[in-house]
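# Reading the structure
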Amino acid sequence: MTDLNQTLFERAAKVIPGGVNSPVRAFRAVGGTPRFVQRAQGAYFWDANGKRYIDYIGSWGPMILGHGHPAVLEAVQKAAVDGFSFGAPTEREVELAEAILAQVPSMDMVRLVSSGTEAGMSALRLARGATGRSKIIKFEGCYHGHADALLVKAGSGLATFGNPTSAGVPPEVVQHTLVLEYNNIPQLEEAFALHGKELALLMIEPIAGNMNFVRASVPFMKRCRELCTQYGALLVFDEVMTGFRVALGSAQSVYAKEIPGFKPDMTVLGKVIGGGMPLAAFGGPREIMQQLAPTGPVYQAGTLSGNPVATACGLATLKELSKPGFWDALSKTTQSLVDGLSAAAKKADIPFSADCQGGMFGFFLLPELPQNYAKVMTSDSPRFNKLFHGLLDRGVYIAPALYEAGFVSAAHSEADIAETVQAASEVFATLGKT
Ligand SMILES: *Cc1c(COP(=O)(O)O)cnc(C)c1O
């Protein structure tokens, strides 16, 4: 039988670099042919051959309700009839801003944009404009989109700033970016002692989903907050992945439960707030947000920002998330997946650790949960690749790289979880002991 995924991939590679419009889709880390998606419904999608998969990517996070949720579909269809884009304001943008602010009270105002990259890049400019400072801290393993200043790896020491991780980024552009180890309090303190008064911001993924699933420890987060306050740097939470995904109030609400009065200064959102459409946002206190054009000197704009169809999709999605019982049910499904996989791995004597929050999870082929990027990278990658392909063959689609998080939607049933755990048990049995 012809593999239609292969045919499409070959055709794609002639007209699109690498055959994909975002690199991780190309399966480079795990090998093999990417699956071209034909359609999706609920917890499943079907590839070009018509094979069904249980989807644990959900478009890398946005599809928290599953695919084709009837209320969301209806809202999008209605909005499309009224027009795709106007370049003039609409009531729906106001409604979406209000809906976001109602759940994330650290923000007084938000601006809507079209991608997480754009939101992170704009938040960075605003924080620099508002503080009049240039230097920034980010952490190894955290991804904040592909703005030049954020494509950085650690330099040779704390006195030196970062090195670009991409060709095309001039070293001068990242000379203000300091890259630190996640969850390392002494290093954080040292960096602030050296550079604190010149720091515009510290940007962090509170639960880092771009190195699989690594939580910032409560003492580490507390110290980030204290040092930012002490030195006048802005604490910027990149919640593009965790926002409305790990809890209705986002990851900051999870930390606020552990650290009384905790809140970040600014928040970056994306993924779930668009429900699968290109939509993202950044926000913070009124006095900071009013530094943005047209009320302030920090420039920021977008032809498709606050797009009427995307905002309809986001609003309909957020509405479902605030229904009673939604988070209990979602968390229970995610937990049963994590518990099932852990038990299956234990039975097969495979080193395994896993964690989850709300509808987001991560697992490692390591005996203990790693606390930073270097530890994540000690994970057994040939084994992960075998696991990935074993699951894929059995109709279970997880992220095609060991440093990516996983996502469960409200459409995943206990039967889907049981099928997944059964598939994993079969694959674990073939992985061999260490
Ligand atoms: C996905 C992601 C981004 C980038 O968002 P895009 O919409 O892909 O540009 C930024 N930060 C985090 C934490 C993300 O997970």
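## Some details on the packing of helix 2 (residues 70-82) against helix 9 (residues 308-321)
- Put simply, helix 2 and helix 9 touch, their axes get as near as 8 Å, and they point 155° apart. As judged from the angle between their axes, helix 2 and helix 9 are roughly antiparallel. Remark: the crossing between helix 2 and helix 9 carries right-handed chirality. Seen from helix 2, the contacting residues are Ala71, Val72, Ala75, Val76, Ala79 and Ala80; seen from helix 9, they are Pro308, Val309, Ala312, Cys313, Ala316, Thr317 and Glu320.

## With respect to the layout of surface pockets
- By volume, the second largest pocket amounts to about 690 Å³.
- Along the walls of the second largest pocket sit 32 residues, with Glu93, Val110, Arg111, Leu112 and Ser305 positioned nearest its centre.
- If you list the elements that add at least two residues to the lining of the second largest pocket, you get helix 3 (91-103) and strand 4 (109-113).
- If one sorts the elements of the lining of the second largest pocket by residue count, helix 3 sits on top with 5 residues.
- Classifying every residue of the lining of the second largest pocket by side-chain character gives 17 nonpolar, 11 polar and 4 charged.

## A short note on helix 12 (residues 381-393)
- Look at helix 12: 18 Å from first C-alpha to last across 13 residues, which is about the 18 Å you get at 1.5 Å a residue.
- Looking at the packing, one finds that the buried side of helix 12 touches strand 3 (52-55), strand 16 (360-364), strand 17 (396-397) and helix 13 (414-431).
- Measuring from the side-chain oxygen of the N-cap residue of helix 12 to the backbone nitrogen of Arg383 gives 3.2 Å; that N-cap residue is Asp380.
- In the stretch just after helix 12, Gly395 is the one whose phi turns positive, near 80°.

## A word on the environment of His144
- Position of His144 among the secondary structure elements: in the loop between strand 5 (135-139) and strand 6 (152-153).
- Judged by its relative accessible area of 1%, His144 falls in the buried class.
- Contact partners of His144, with chain neighbours within four places excluded, come to Gly120, Lys138, Leu150, Met203, Ile204, Glu205 and Asp238.
- A polar side-chain atom of His144 sits 2.8 Å from a polar atom in the side chain of Asp238.

## Concerning the sheet that holds strand 14 (residues 280-284)
- In space, the 7 strands of this open sheet follow the order 4-14-13-12-9-5-8, with mixed pairing throughout. The sheet is open, and its two borders are formed by strand 4 and strand 8 (177-180), each paired with just one other strand. With direction set aside, neighbouring strand axes in the sheet form an average angle of 20°.
- Pairing analysis gives 4 bridges linking strand 9 (residues 199-204) to strand 12 (residues 234-239), with the strands arranged parallel. Considered in strand 12, the bridge of Leu201 is made with Leu234.
- Across the sheet, helix 7 (residues 250-258) lies against strand 12 and strand 13 (266-269), angled at about 120° from strand 12, the strand it touches most.

## Observations concerning the site of the ligand
- Around the ligand lies a shell formed by Ser115, Gly116, Thr117, Tyr143, His144, Gly145, Glu205, Asn210, Asp238, Val240, Met241 and Lys271.
- In this structure, a nitrogen atom belonging to the ligand sits 3.2 Å away from a main-chain N or O atom of Tyr143.
- Within the complex, 82% of the 380 Å² of free accessible area of the ligand lies under protein.
- For the shell around the ligand, a count of residues per class yields 3 nonpolar, 6 polar and 3 charged.

## A few points about the sheet that holds strand 17
- Strand order in the open sheet formed by 4 strands is 1-2-3-17, with mixed pairing between adjacent strands. Either end of the sheet is taken by a strand with one partner, and the two such strands are strand 1 (37-41) and strand 17.
- Helix 13 rests against strand 2 (44-47), strand 3 and strand 17 of the sheet, and its axis sits at about 105° to strand 3.

## Structural notes on the pattern of salt bridges
- Per the stated rule, a full pass over the model turns up 12 salt bridges.
- The partner of Glu226 in a salt bridge is Arg223, and the shortest N-O contact between them spans 2.6 Å. With Glu226 and Arg223 both in helix 6 (residues 218-231) and 3 residues apart, this pair spans about one turn of that helix.
- According to the relative accessible area criterion, Glu226 is partly exposed, its value standing at 33%.

## Let's talk about the environment of Ser336
- Along the polypeptide, Ser336 turns up in helix 10 (residues 326-347).
- Judged by relative accessible area, Ser336 falls into the partly exposed class, the value being 22%.
- When neighbours within four sequence positions are excluded, Ser336 is seen to be in contact with Glu414 and Ile417.
- At 2.9 Å, the side chain of Ser336 forms a polar contact with the backbone oxygen of Thr333.

The rules behind each value
- Residues numbered from 1 in each chain as written.
- Predicted model: local features only at pLDDT ≥ 70, side-chain atom pairs only at ≥ 80, totals over all residues.
- Heavy atoms only, no water.
- Axes fitted to C-alpha atoms, helices over the stretch in contact; angles between N-to-C directions.
- Helix = DSSP H or I, 4+ residues; strand = E, 2+ residues; numbered from the N terminus.
- Parallel < 35°, antiparallel > 145°, perpendicular 65-115°, else oblique.
- Left-handed = near helix turned anticlockwise from the far one by under 90°.
- Contact = heavy atoms within 4.5 Å.
- 1 Å grid on protein atoms, 1.4 Å probe; cavity = no way out; pocket = protein on both sides within 12 Å on 5 of 7 lines; lining within 4 Å.
- Points joined across faces, edges and corners; volume = space filled by probe spheres on them.
- Nonpolar A, V, L, I, M, F, W, Y, C, P; charged D, E, K, R; others polar.
- Expected span 1.5 Å × (residues − 1).
- Polar contact = N/O pair within 3.5 Å; in protein donor to acceptor, adjacent residues only side chain to side chain.
- Buried < 20%, exposed > 50% of the residue type's maximum accessible area, 1.4 Å probe, protein only.
- Pairing = 2+ DSSP bridges.
- Near = heavy atom within 4 Å.
- Areas by Shrake-Rupley, 256 points an atom, 1.4 Å probe, with all protein chains shown as cover.
- Salt bridge = Lys/Arg side-chain N within 4 Å of Asp/Glu carboxyl O.

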